[in-house]
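# Examination of the molecular architecture
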Amino acid sequence: MILVGSVLMYQHNLLSPSRLQKYKDKHDLDVIVSSEKDKKDLLNISGINYDVLVNPKVHKILSDAMMKLKTPVIVLSLKLSHMHYDINWHKHLHDILYMNSLGIEPDMGLVFTLKAEWTEFYKGKDKIRLNKKPKDFFKASYNQNHDNLHEHFKLTDEPIYKKFLKDNSEISVDKHKF
């Protein structure tokens, strides 16, 4: 069993003040296990609210990562690895921005390894859609302005996404330009 989520983040002081308040109000134990038997065993424990994901490959990847990387790096890398899916997206974005403000940097090898597994695991699940009007594209929570995010994380004099846009598009990305 590998602990992930808010309990792990709480143990390592990775929750922002707003997330910390929500954590104190209510939380469950998010875990990744390698088998349905492990899941069944956990769910039979009374008094503990588990949210269990069965994924032997991700369990192995994270087990290996725990031997060489610090927990905050693993948490950030895990969150980044599935941001292309709409799974509690705003919460994960908030956590990523907060961990970034703490100076934590992801392990990009781990991010890409996990992303490959999520792509297989979530086959058929909707990904974030980019073919929208700018005003509809991003309705941020936590008072974030989407364009400010691009400015904050830019690596060159202009946000990198602009180099990958389809011709005459403000949002939609041309995969051939990558």
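A brief report on the enclosed structure follows. (Residues numbered from 1 in each chain as written. Predicted model: local features only at pLDDT ≥ 70, side-chain atom pairs only at ≥ 80, totals over all residues. Heavy atoms only, no water.)

## Some words on the sheet that holds strand β3 (residues 50–54)
The strands making up a sheet associate through backbone hydrogen bonding, with each pair oriented either parallel or antiparallel. Spatially, β1-β2-β3 is the arrangement adopted by the three strands of the open sheet, whose pairing is mixed. Two strands close off the open sheet at either side, each with one partner strand: β1 (2–4) and β3. Within the sheet, the average angular offset between the axes of one strand and its neighbour, ignoring direction, is 30 degrees. The sheet contact formed by strand β2 (residues 29–33) and β3 spans five bridges and is parallel. (Pairing = 2+ DSSP bridges. Helix = DSSP H or I, 4+ residues; strand = E, 2+ residues; numbered from the N terminus. Axes fitted to C-alpha atoms, helices over the stretch in contact; angles between N-to-C directions.)

## Observations regarding the side chain of serine 6
Tracing the backbone shows serine 6 in helix α1 (residues 6–11). We classify serine 6 as buried; its relative accessible area is 10%. When neighbours within four sequence positions are excluded, serine 6 is seen to be in contact with Leu15, Arg19, Tyr23, His27, Asp28 and Asp30. (Buried < 20%, exposed > 50% of the residue type's maximum accessible area, 1.4 Å probe, protein only. Contact = heavy atoms within 4.5 Å.)

## Some words on the pattern of salt bridges
The tally for this structure, following the rule as stated, stands at four salt bridges. Residues aspartate 95 and arginine 19 are paired through a salt bridge, measuring 2.7 Å at the closest nitrogen-oxygen approach. Here aspartate 95 is found in helix α6 (residues 89–101), whereas its partner arginine 19 is found in helix α2 (residues 17–25), with 76 residues between them in sequence. For aspartate 95, a relative accessible area of 0% puts it in the buried group. Arginine 19 gets classed as buried once you look at its relative accessible area, which sits at 8%. Between lysine 37 and aspartate 41 there is a salt bridge; the shortest N-O distance is 2.8 Å. Taken together, the residues lysine 37 and aspartate 41, both in helix α3 (residues 36–43) and four residues apart, mark about one turn of the helix. In this structure lysine 37 comes out as exposed when scored by relative accessible area, which is 57%. (Salt bridge = Lys/Arg side-chain N within 4 Å of Asp/Glu carboxyl O.)

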